[in-house]
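# Commentary on secondary and tertiary structure
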Amino acid sequence: MKSIAIIYHSRQGHTQFIAEQIQIGAAQVENIQIDLFTAESLMAHPDLITQYDGLIWGSPTYLGGVSGIFKQLMDLTGPLWKKQSLKGKLSAGFTVSSLPAGDKQSTLISLFTFCMQHGMIWIGNPVLPEQHQGVPYTQALNRLGSWSGLMAQAEHQSAANAFDFGDIKTAQLFGQNFALNLNAIQR
Ligand SMILES: Cc1cc2nc3c(=O)[nH]c(=O)nc-3n(C[C@H](O)[C@H](O)[C@H](O)COP(=O)(O)O)c2cc1C
C-alpha cells in the first residue's frame, strides 16, 4: 500500500474542490491511500507528512504566487529540510485562480522550487490538450495547457459550480497519473 497526502490552502473552497478531484482520480488506482490536509491543520506538526510516500501541494494563486497561509506552511517545513526528511518523495503541485492565465505559472514554479529544495521528485501533468481534436474548449482536457503542474480556473461562484468540466477531468487524471507513478516505484 502506498500513501499520498494532498496538502492545500483554500479560503473560499475552490482549491479544496480541485484537491478533492485529484483525490478521486488517485483513488482509481489500486493500493493507494489518500489523505487531504489543509495547510492550517499542519502548522503545529508539519512532520506528520513524513509518513507519506507522495506529497501533492496546492495553493490558490494570490497576486502571482502562493497564498500567505500556504507560504507559512512552506516555511514551517524548514526543520524537515534540515533533516532532509522529504528527500526522494514523489511530489506535484496545483493551483487555482480566477483568470485564465492569472500568473498561475509563477505559483507552480514556487511549488516546484520548494519541492526541489527538499530533494523531492517532481511529477508533472502529462495530459494532452484535447482542443486539437475538436473537443470544445470548456470540455477539453488540459485546456489551460499546463504540463509543469495542474492549473484550474475558478469562476466567481460556489466551488461546485465554478469549474469547467475540462478542468475537473484534468484534475482527476492528474491525480491518477501521480498515483500510477507512485505505484511504479519500487521501494
Ligand atoms: C489576495 C488575492 C489575490 C489574488 N490574486 C490572483 C491572481 O494573481 N490571479 C488570479 O487569476 N486570481 C487571483 N485571485 C483570485 C483567486 O485565485 C481565486 O478566487 C481562487 O479561486 C481562490 O481560491 P480558494 O477558493 O481556494 O480560496 C486572488 C484572490 C485574492 C483574495
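Counting starts from 1 at the beginning of each chain's written sequence and moves along it residue by residue. Residues qualify for local features only when their pLDDT is at least 70, as the model is predicted, and side-chain atom pairs are given and counted only at 80 or more; totals for whole chains, interfaces and linings, by contrast, use all residues. The side-chain quantities take in all heavy atoms of the structure and omit both hydrogens and water.

## Quick look at the overall build of the protein
Rules: Helix and strand labels come from DSSP, where a helix needs a run of H or I of at least four residues and a strand needs a run of E of at least two; each type is numbered from the N terminus. Between the two quantities, the radius of gyration covers C-alpha atoms and the globule rule is 2.2 Å times the number of residues to the power 0.38. Only protein chains enter the accessibility calculation, which uses a 1.4 Å probe; a residue whose area is less than 20% of its type maximum is buried, one above 50% is exposed, and one in between is partly exposed.
In terms of helices and strands, the protein carries six helices and six strands. Of the regular secondary structure in the protein, the N- to C-terminal order runs β-α-β-α-β-α-α-β-α-β-β-α. For 187 residues, the compact-globule formula gives about 16 Å, and the C-alpha radius of gyration of the protein, at 15 Å, lands near that figure. Principal axes of the C-alpha set define a box for the protein whose edges measure 50 × 35 × 25 Å. The buried share of the protein, reckoned over its 187 residues, is 51%.

## Observations regarding the packing of helix H1 (residues 14-26) against helix H6 (residues 165-184)
What counts, and what does not: Here, axes are lines fitted to C-alpha atoms. For helices the fit covers the stretch in contact, and angles between N-to-C directions go from 0 to 180 degrees. Any angle from 65 to 115 degrees is called roughly perpendicular, while one under 35 is roughly parallel, one over 145 is roughly antiparallel, and all others are oblique. By convention, the crossing between two helices is left-handed when the near helix turns anticlockwise from the far helix through less than a right angle, and right-handed when the turn is clockwise. Whether two residues are in contact is decided by their heavy atoms, any of which lying within 4.5 Å being enough.
Closest axis-to-axis distance for the H1/H6 pair is 6 Å, and the angle between their directions is 50°. The orientation of H1 with respect to H6, classified from their angle, is oblique. Considering only the axes of H1 and H6, their crossing is right-handed. Here Phe-17, Ile-18, Gln-21, Ile-22, Ile-24, Gly-25 and Ala-26 of H1 lie close against H6, whose contacting residues are Ile-168, Ala-171, Gln-172, Phe-174, Gly-175, Gln-176 and Ala-179.

## Looking at the side chain of Lys-2
For clarity, the cut-off: His is not counted here, nor are the chain ends, while Lys and Arg score as positive and Asp and Glu score as negative. Salt bridges, as used here, are contacts in which a Lys or Arg side-chain nitrogen is within 4 Å of a carboxyl oxygen on Asp or Glu. Here a polar contact is recorded for every N or O atom pair within 3.5 Å, except that within protein the pair must consist of a potential hydrogen donor and a potential acceptor, and residues adjacent in sequence are included only if both atoms are side-chain atoms.
In this fold, Lys-2 is placed in strand E1 (residues 2-8). This buried residue, Lys-2, is left without a salt bridge; Asp-53 holds the nearest opposite charge, at 6.1 Å. A polar atom in the side chain of Lys-2 sits 2.9 Å from the backbone oxygen of Leu-182. Excluding residues within four positions of it along the chain, Lys-2 makes contact with Asn-31, Ile-32, Gln-33, Asp-53, Leu-182, Asn-183 and Ile-185.

## Regarding the environment of Gln-84
Structurally, the position occupied by Gln-84 is in the loop between helix H4 (78-83) and strand E4 (90-97). Along the backbone, Gln-84 and Ser-98 are 14 residues apart, and their C-alpha atoms lie at a distance of 35 Å. In contact with Gln-84, other than residues within four places in its own chain, are Gln-117 and His-118.

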